[in-house]
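Below are the chains, spelled out letter by letter.
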Amino acid sequence: MSVAIPKRQLFIGGRWVEPVKGGRLPVINPSTEEEIGTIPAATPADVDAAVSAAQACVDSGEWTRSTGAYRAKILHAIADKVREQKTFLATLESLDNGKPLAEAEWDVDDVATCFDYYADLAAALDARQYEPVDLGAEGFECALRRDPLGVVALITPWNYPLLMSTWKVAPALAAGNAAVLKPSEAASLTSLELAGIAAGAGLPPGALNVVTGLGPDAGAPLSADPRVAKVAFTGSTGTGRAVYLAAARNLRPAVMELGGKSALIVFDDADVARAVEWAMFGVFWTNGQICSSTSRLLVQRGIAPAFYKQLKRRTESIKISDPLVPGCRLGPLVNELQYKKVVGYVEAGKADGATLLTGGRRPPHMPKGYYLEPTVFIDCKPEHRIWREEIFGPVLASATFETEAEAIALANGSEFGLAAGVISSDLERCRAGAGGAAGRHLLDQLQPALLLPGALGRGQELRLRPRAGALWLRGLHVREAGDHLHQLGQVGLVPRDRPLPQVVIRD
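Scoring rules and cut-offs
- Residues numbered from 1 in each chain as written.
- Predicted model: local features only at pLDDT ≥ 70, side-chain atom pairs only at ≥ 80, totals over all residues.
- Heavy atoms only, no water.
- Helix = DSSP H or I, 4+ residues; strand = E, 2+ residues; numbered from the N terminus.
- Buried < 20%, exposed > 50% of the residue type's maximum accessible area, 1.4 Å probe, protein only.
- Contact = heavy atoms within 4.5 Å.
- Areas by Shrake-Rupley, 256 points an atom, 1.4 Å probe, with all protein chains shown as cover.
- Salt bridge = Lys/Arg side-chain N within 4 Å of Asp/Glu carboxyl O.
- Phe/Tyr/Trp six-rings, centres within 6.5 Å; stacked < 30°, edge-to-face > 60°.
- Right-handed = clockwise from strand over helix to strand, strands pointing away.
- Pairing = 2+ DSSP bridges.
- pLDDT = per-residue confidence, 0-100.
- Core = buried A, V, L, I, M, F, W, Y, C linked by side-chain atoms within 4.5 Å.
- Axes fitted to C-alpha atoms, helices over the stretch in contact; angles between N-to-C directions.
- Parallel < 35°, antiparallel > 145°, perpendicular 65-115°, else oblique.
- Left-handed = near helix turned anticlockwise from the far one by under 90°.
- Expected span 1.5 Å × (residues − 1).
- Arc of directions from axis to C-beta.

Draft legend 1. Molecular detail of the overall build of the protein chain. For the protein chain, the count of helices and strands is 14 helices and 22 strands. The buried share of the protein chain, taken over its 507 residues, is 55%. Put simply, of all contacts in the protein chain between residues at least 6 apart along the chain, 71% involve residues at least 24 apart. Here the protein chain has roughly 20,700 Å² of accessible surface; of this, 54% comes from carbon and sulfur atoms.

Spelled out as structure tokens, the structure:
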């Protein structure tokens, strides 16, 4: 099964626009290493046009001053259109970034669900406008109004191209913002399709703009544009630092979802067969290219021999193939650069003295493509690079422990704090372990529905809350003054029949 790759342009102001310099970047199928299409290569001039279109949308008020109910109708329509195009979008995703088709299909389901979820939140915003706040002061009234930020910059990674774009686009639009989306140049196809889907669902021009291209040419000028009210970024720690600094120079808030090196702790009272399955899921899903991947495994010594024996057998049974082949469970890495990086870590693991339990080579039956066998190292030490650094590939680093305190200390011996997992038949032990280990805690089983802030990533995605998400919280402080209302912080009296000036509280 395959699809024709659409030749899209940049999406700016509600229409497809050729880049100012006419540049395009190749799209390489990671399974075949062949070029299957191209994407437009934006430059700073294109980014300027996209931000201008978003600002014009904000200024018009067509989207930003619309009701939550109206925005909900559009977001539900986007969800419906995504479902209608599920097969096409999932196939495009697999061709672009190499994840197994079944996983891509599940991602598209999640995309539609995400738009529906934020549609419902948008509708609920109407009833929450002008919520009263008791100031505890006689003669004063206060009400809260939730307003969109304005223009928001959204920069997304390549491991979940459409889903991660949706995680940013859906809440931004639900709150009434105008967005400029810059997806990773390594996998942009479905994000471009999302722009067309949104326009077809009735989204006003300029509410969603998509600029594809290289980071220095598109991502850097976008994050540094002073018209942007907020930046949301998901990607590597190094790039995130640069984006954060660019936003800070304009005194703009930035949300970072960065790297991880998460630990999974398996105690000796765990069901070994089930624990092995969860360990494999935690590190080999999406070809190991997940920031919250539990790529560090801690196994209590009493069950280590039996655990490793079963882990080796099950890892070697994973079906590696072209991601469009039914039953594929591990596809290629996203591109040549990532492949070489991951292979370099495999060699570092060997050089540092870790024991290669299985994998670590190109699958013999896959002579082309960026394929690597699922790889497991044991006897890892805290100083080993494969234990300390994010690999972002199908490579598991494992060590053993004796006591619970030792396990927690090893799990916390990391600069990252994104996630953690504890597997035990004792729920109290799981709770105690989760209370000590760093990150987002997954009790007894990996629970993808639990989304909490991470220490390094400072995770604040998927929210409409003022502090973390896509809204300003405005406090309207009012004191009775005869037939007029006095606005605290403003000079003079405001008649009742005139709109109240606003005091912005950046909460």
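Draft legend 2. Structural context of the pattern of salt bridges. The final tally for this structure, using the stated rule, is 24 salt bridges. Here R429 makes a salt bridge to D268, at a shortest N to O gap of 3.9 Å. With R429 in helix 14 (residues 427-436) and D268 in the loop between strand 12 (263-266) and helix 9 (272-284), this pair connects stretches of sequence that are 161 residues apart. The exposure class assigned to D268 is partly exposed, which follows from its relative accessible area of 37%. E336 serves as the salt-bridge partner of K340, at 3.2 Å between the closest nitrogen and oxygen. Within this pair, K340 and its partner E336 are both found in helix 11 (residues 336-352), separated by 4 residues, close to a single helical turn. According to the relative accessible area criterion, E336 is partly exposed, its value standing at 41%. Each of D268, D269, E404 and R429 takes part in one network of salt bridges that share partners.

Draft legend 3. Quick peek at the packing of aromatic side chains. Scanning the entire structure with this criterion turns up 10 aromatic pairs. On the basis of an interplanar angle of 5 degrees and a centroid distance of 5.5 Å, the ring pair of W106 and W285 is categorised as stacked. Linking W106 in helix 4 (residues 101-128) with W285 in the loop between helix 9 and strand 13 (296-300), this pair joins segments that are 179 residues apart in sequence. Look at W106 and you get partly exposed, because its relative accessible area is 42%. Ring centres of Y117 and Y118 lie 5.0 Å apart, and the angle between their planes is 90 degrees; this geometry places the pair in the edge-to-face category.

Draft legend 4. Representation of the pairing of strand 7 (residues 151-155) within the structure. Along strand 7, 5 of the 5 residues are buried, which leaves the element largely enclosed by surrounding structure. Alternating positions in strand 7 separate into two faces, V151, A153 and I155 on one and V152 and L154 on the other, with burial throughout. Tracing the backbone out of strand 7, into helix 5 (residues 161-174) and back to the parallel element strand 8 (residues 178-182) gives a crossover that is right-handed. By the bridge criterion, 4 bridges tie strand 7 to strand 10 (residues 230-234) in an arrangement that is parallel. If you follow I155 over to strand 10, its bridge partner there is F233.

Draft legend 5. Fine view of the environment of E103. Considering the arrangement of structural elements, one finds E103 in helix 4. Expressed as a C-alpha distance, the spacing of E103 and Y160, which sit 57 residues apart in the sequence, is 10.0 Å. With sequence-adjacent residues up to four places away left out, E103 is seen in contact with W285, T286 and R329.

Draft legend 6. Looking closely at the confidence of the model for the protein chain. Looking at the protein chain as a whole, the pLDDT averages 88, with 85% of positions reaching at least 70. Contacts for the low-pLDDT stretch residues 439-460, under 50 throughout, to residues beyond four places or in other chains number 57 contacts. The low-confidence segment residues 479-507, where pLDDT is below 50, has 58 contacts with residues more than four positions distant or belonging to other chains.

Draft legend 7. Seen up close, the nonpolar core. Membership of the largest hydrophobic core comes to 82 residues, with the highest contact counts inside it found for I78 and F115. A total of 10 residues in this core trace back to one element, the largest contributor, which is helix 4. Not counting residues within four places of it along the chain, the set of residues in contact with F115 comprises L75, I78, A79, T166, V169, A170 and L194.

Draft legend 8. The packing of helix 5 against helix 6 (residues 189-200), seen in detail. At a closest axis distance of 7 Å, the pairing of helix 5 and helix 6 adopts a crossing angle of 50 degrees. Classified by the angle their axes make, helix 5 and helix 6 are oblique. Like other packed secondary-structure pairs, helix 5 and helix 6 cross with a definite hand, here right-handed. Residues P161, L162, S165 and T166 of helix 5 form the contact with helix 6, whose own contacting residues are T190, S191 and L194.

Draft legend 9. The arrangement of helix 9 in detail. Between its first and last C-alpha atoms helix 9 spans 18 Å; for 13 residues at 1.5 Å apiece the expected length is 18 Å, and the two agree. Within helix 9, the full set of buried residues consists of A275, V276, A279, M280, G282, V283 and F284. Within helix 9, the buried residues cover an arc of 165 degrees as seen down the axis, which keeps them to one side. Next to the buried residues of helix 9 lie strand 12, strand 13, helix 10 (304-315), strand 15 (375-378), strand 16 (395-401) and strand 17 (419-423). Directly after helix 9, the chain includes T286, whose backbone phi takes a positive value near 55 degrees.

Draft legend 10. View of the pairing of strand 11 (residues 254-257). The alternating pattern of strand 11 places A254 and M256 and V255 and E257 on opposite faces, both of which are buried. The pairing of strand 10 with strand 11 spans 4 bridges and is parallel. Note on strand 11: the bridge partner recorded for V231 is A254. Note on the crossover from strand 10 through helix 8 (residues 237-249) to strand 11: the handedness is right-handed.

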